[in-house]
Amino acid sequence: MHYLFMQTIDISSTVGLIATVVLTINILLGMLLSSAYKRSIHWKRMPDFLQQLSLTDLHNYTAYVALVLVLVHIILIPLDATAPFSWLQLLWPLTNSHQPYMALLGSISFYALLLIIITTQKIIKSKMGFRYWKNVHLVAYGMALLFIIHGIWMDQELKDRTPDFLDAEKLLSEICGLVLIAASVIRFRYYLKKQL
């Protein structure tokens, strides 16, 4: 049993990486949904089974999966005997002496994810109105930036080591970040083109 608790930090780190990939997919789906993707010639060339998928449902599903993964990632940290975080310090990491700012970025991105999911509930979304809801939903771009930086700079063993940018775990976060940057540029160009 003691061995399990000693390994929870590794499990938490792995779950955090999976959450990063799921959140990246979720944000990419959100960008696609905010464009006229069904009119695109590229979409029309997709196999029929892909065209029949409800991207809205997939987008919502990946958000809930990401939320569960992030919660598991957070909950596992204080269970590790070597983790320098208490439950309270996970909610507000600035009271911790180990990488407080990088941990804070992770906490803020979690709160942003909660905000996005809560405001997307039908009853709340309908009361907010579409324009206001969409503006709140743009928080996702900031959330993406924060969770990518958190994933790259936070030491997965919580030992305050300098990040090894060629480490496989860091590379995964870096790739997700590059994909999101490229997609954001494409999405912004689409927005500008639409304004003309």
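An account of the accompanying structure is given in this report. Computed from a predicted model, the values in this text were never measured in an experiment.

### Observations regarding the overall build of the protein chain
For the protein chain, the count of helices and strands is 10 helices and 0 strands. Dimensions of the protein chain along its principal axes, counting C-alpha atoms only, are 55 × 40 × 35 Å. Residue burial in the protein chain is summarised as follows: out of 196 residues, 39% are buried. Of the contacts formed within the protein chain by residues at least 6 apart in sequence, a portion of 65% connects residues at least 24 apart.

### Things to note about the environment of Ile18
Within the secondary structure, Ile18 sits in helix α1 (residues 2–33). The class for Ile18 is partly exposed, based on a relative accessible area of 41%. In this structure the C-alpha to C-alpha distance between Ile18 and Lys159, which are 141 residues apart in sequence, comes to 21 Å.

### Description of the packing of helix α9 (residues 139–153) against helix α10 (residues 168–195)
The N-to-C vectors of α9 and α10 enclose an angle of 155°; their axes lie 8 Å apart at closest approach. Put simply, α9 runs roughly antiparallel to α10. Here α9 and α10 pass one another in a crossing that is left-handed. Of α10, the residues touching α9 (which contributes Tyr141, Ala144, Phe147, Ile148, Gly151, Ile152 and Trp153) are Lys170, Ser173, Glu174, Cys176, Gly177, Leu180, Ser184 and Arg187. Of the residues belonging to the contact of α9 with α10, the class tally is 8 nonpolar, 4 polar and 3 charged.

### Some points on the nonpolar core
If you look at the biggest cluster of nonpolar residues, it comprises 25 residues, and the most contacted ones within it are Leu23, Ile27, Leu113, Met143 and Phe147. Elements that contribute at least two residues to this core include exactly α1, α4 (55–76), α6 (100–119), α9 and α10. Those residues within four positions of Met143 in sequence are excluded, and the remaining contacts are Leu23, Ile27, Ser109, Ala112, Leu113 and Ile116. Ala83, Leu90, Ala103 and Met154 belong to the second-largest nonpolar core, a separate cluster that totals 8 residues.

### Examining the packing of aromatic side chains
Evaluation of the coordinates by the stated rule reveals 4 aromatic pairs. Ring geometry for Tyr37 versus Trp43: centroids 5.0 Å apart, planes at 90°, classification edge-to-face. For the pair Tyr37 and Trp43, one class covers both residues: buried. Both rings, one in Phe110 and one in Tyr111, keep their centres 5.7 Å apart while their planes meet at 50°; by these two values the pair is tilted. On the basis of relative accessibility, which here comes to 34%, the residue Tyr111 falls in the partly exposed class.

About the criteria used
Residues numbered from 1 in each chain as written. Predicted model: local features only at pLDDT ≥ 70, side-chain atom pairs only at ≥ 80, totals over all residues. Heavy atoms only, no water. Helix = DSSP H or I, 4+ residues; strand = E, 2+ residues; numbered from the N terminus. Buried < 20%, exposed > 50% of the residue type's maximum accessible area, 1.4 Å probe, protein only. Contact = heavy atoms within 4.5 Å. Axes fitted to C-alpha atoms, helices over the stretch in contact; angles between N-to-C directions. Parallel < 35°, antiparallel > 145°, perpendicular 65-115°, else oblique. Left-handed = near helix turned anticlockwise from the far one by under 90°. Nonpolar A, V, L, I, M, F, W, Y, C, P; charged D, E, K, R; others polar. Core = buried A, V, L, I, M, F, W, Y, C linked by side-chain atoms within 4.5 Å. Phe/Tyr/Trp six-rings, centres within 6.5 Å; stacked < 30°, edge-to-face > 60°.

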